[in-house]
Structures are given as C-alpha cells and as structure tokens.
Amino acid sequence: MMTRSSFVTLVAAATFAAALPALAPALHAQDIGIDVGTKAPAAPLETLDGKPANLSQFIGKSPVLIEFWATWCPNCRELEPTLLKMVKKYSPRMQFVGVAVSVNESPELVKRYAAKHDFTHHILYDKTGDALTAYNVPATSYIVVLNKAGTVVYTGLGGDQNLEAAIEKGLGKEVGQ
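### What to know about the overall build of the protein
Line of reasoning, step 1. Check the secondary structure of the protein and you find 5 helices and 7 strands.
Line of reasoning, step 2. Listing the helices and strands of the protein from first to last along the sequence gives α-β-β-β-α-β-α-β-α-β-β-α.
Line of reasoning, step 3. Every one of the 177 residues in the protein was classed for burial, and the buried ones make up 44%.
Line of reasoning, step 4. Summarising the internal contacts of the protein: among those between residues at least 6 apart in sequence, 72% fall at separations of at least 24.

If you want it as structure tokens, here you go:
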C-alpha cells in the first residue's frame, strides 16, 4: 500500500518528468544540481543486496562518474548506450557508479534491469533519498563527474550529454588534447 508521503513524492517526480522536455532547451549542463567546483559529499546508500554503502567509498581515490537514474526513465534509457560505451572505454581509469532512485523502484527490479542490460559498473540504491538530497539532484539521468581529488567538474541532465568530454574533464584533460 502506498503511503501519502510516497504518493506525493511519486506525483512530484511524475510532474517534473512530464515538464522536463519543455524545460530542456533552457537547462544546460552545470546550471542545476550540485555546484561545479565543490567537494563531493558522502551519502549513505545500499547495495542491491541491502547492505550499507556510501558514495564516500569512491570519492577522492580516482575520478568518478555518478549517474542518478531509474529503470523507468526515458532519458536514462537514451543515455544508456553512451554510458555503457564509456564504461568499456574508460574503466578502470574512471569509476562508474549508478545510483538508482527509490521512486517506483525496488532493489530487485534494479538488479534484474542491470543484469539484463549488461551493466558492469557499480550500482547502488538510494532507499532514503539521502544521496539525491546531498547532490541536489533535479531529476533522473543526472550525471555528476568528480576528479581524483573529489571535486565536482561536471554536471548534466538528460539523455543527450557529451559524456566523453565530461569524463575527460574528470581525468584532467580536455577532449582533443
């Protein structure tokens, strides 16, 4: 049974998702969410097996690309082939972490989706929404790239992002150099 709080969260997420295509032309990478140049915060999560995890285990050790996503998100599905291509190309120089939101999701559903779509990167579950809050996530398909020091060097939203350029920023390079 859905609680009132869950229903309100679901309605708000659906409303924002429906409005996102109209907003897309006005939104640009790095205009929303966590500020570029800030230190990435720790955030409690869970593994898909329900064990405690934290984004801090990835921060400050190597460059990291974090995607806040959902199995039901059309922008996430649009971005998925590019993301998987980047995982193959840049691992292990870049860590890749998928943070599955808990709105209309379960760890079991996320686990099945990840297996079916051959995800080889880290997938964690944000049961409480703490990571969404810590990173000021505006919607799913939100990307945050951190450099090795744990500083945010890129944020972006939507299914058509230049992930290669974002990853190169995280690695301390500019594309074409």
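What follows picks up the thread again.
### What about helix α3 (residues 107–116)?
Line of reasoning, step 1. Along α3, the residues classified as buried are P107, V110, Y113 and A114. All buried residues of α3 project into a common sector of 125° when viewed along the axis, lining one side. Exposed side chains of α3 directed beyond 90 degrees from the buried face belong to R112, A115 and K116.
Line of reasoning, step 2. Looking at the packing, one finds that the buried side of α3 touches β3 (64–69), α2 (74–90), β4 (95–101) and β5 (122–126).
Line of reasoning, step 3. Positive phi appears at D118, one or two residues downstream of α3, with a value of about 55°.

### Observations concerning the side chain of T140
Line of reasoning, step 1. If you trace the backbone, T140 turns up in the loop between α4 (130–134) and β6 (142–146).
Line of reasoning, step 2. Excluding residues that lie within four positions of it along the chain, T140 makes contacts with F68, W69, A70, W72, C73, C76, V101 and L157.

### Some details on the confidence of the model for the protein
Atomic detail in the predicted coordinates should be set aside for any region of low pLDDT.
Line of reasoning, step 1. Averaged over the protein, the pLDDT score is 85; the fraction of residues at 70 or greater is 80%.
Line of reasoning, step 2. Predicted confidence for residues 1–29 stays below pLDDT 50, and this span has 19 contacts to residues more than four positions away or in other chains.

### Notes on the nonpolar core
Most often, soluble globular proteins keep nonpolar side chains buried together rather than apart.
Line of reasoning, step 1. Core analysis: the biggest nonpolar cluster contains 21 residues, and L55, I66, F68, Y135 and V144 have the highest contact counts within it.
Line of reasoning, step 2. Listing elements by their share of this core, those giving two or more residues are β3, β4 and β6.
Line of reasoning, step 3. In this structure, L65, V87, Y90 and V153 belong to the second largest nonpolar core, which totals 15 residues.

### Here's the deal with the environment of L124
Line of reasoning, step 1. Following the sequence through the fold, L124 ends up in strand β5.
Line of reasoning, step 2. Look at L124 and you get buried, because its relative accessible area is 5%.
Line of reasoning, step 3. Counting along the chain gives 74 residues from L124 to G50, while the straight-line C-alpha distance between them is 9.4 Å.
Line of reasoning, step 4. Each residue touching L124, except ones within four places of it in the same chain, is listed here: L45, E46, T47, A53, F58, V97, G98, V99 and A100.

### Focus: the packing of aromatic side chains
Line of reasoning, step 1. Tallied over the full model, the rule gives 5 aromatic pairs.
Line of reasoning, step 2. A ring pair is formed by F68 and Y135, whose centres lie 5.6 Å apart and whose planes are at 45°; its orientation type is tilted. Of this pair, F68 sits in strand β3 while Y135 sits in the loop between α4 and β6, and the two are 67 residues apart along the sequence. For the residue pair F68 and Y135, the accessibility class agrees, reading buried in each case.
Line of reasoning, step 3. Seen in terms of ring centroids, F68 and Y142 are 6.2 Å apart; in terms of plane orientation they differ by 35°. Their pairing is tilted. In this pair, F68 sits in strand β3 while Y142 sits in strand β6, placing the two residues 74 residues apart along the sequence. Both residues of the pair, F68 and Y142, belong to the buried class.
Line of reasoning, step 4. Through a chain of ring-to-ring contacts, three or more aromatic side chains come together here, namely F68, Y135 and Y142.

What counts, and where the lines are drawn
Residues numbered from 1 in each chain as written. Predicted model: local features only at pLDDT ≥ 70, side-chain atom pairs only at ≥ 80, totals over all residues. Heavy atoms only, no water. Helix = DSSP H or I, 4+ residues; strand = E, 2+ residues; numbered from the N terminus. Buried < 20%, exposed > 50% of the residue type's maximum accessible area, 1.4 Å probe, protein only. Contact = heavy atoms within 4.5 Å. Arc of directions from axis to C-beta. pLDDT = per-residue confidence, 0-100. Core = buried A, V, L, I, M, F, W, Y, C linked by side-chain atoms within 4.5 Å. Phe/Tyr/Trp six-rings, centres within 6.5 Å; stacked < 30°, edge-to-face > 60°.

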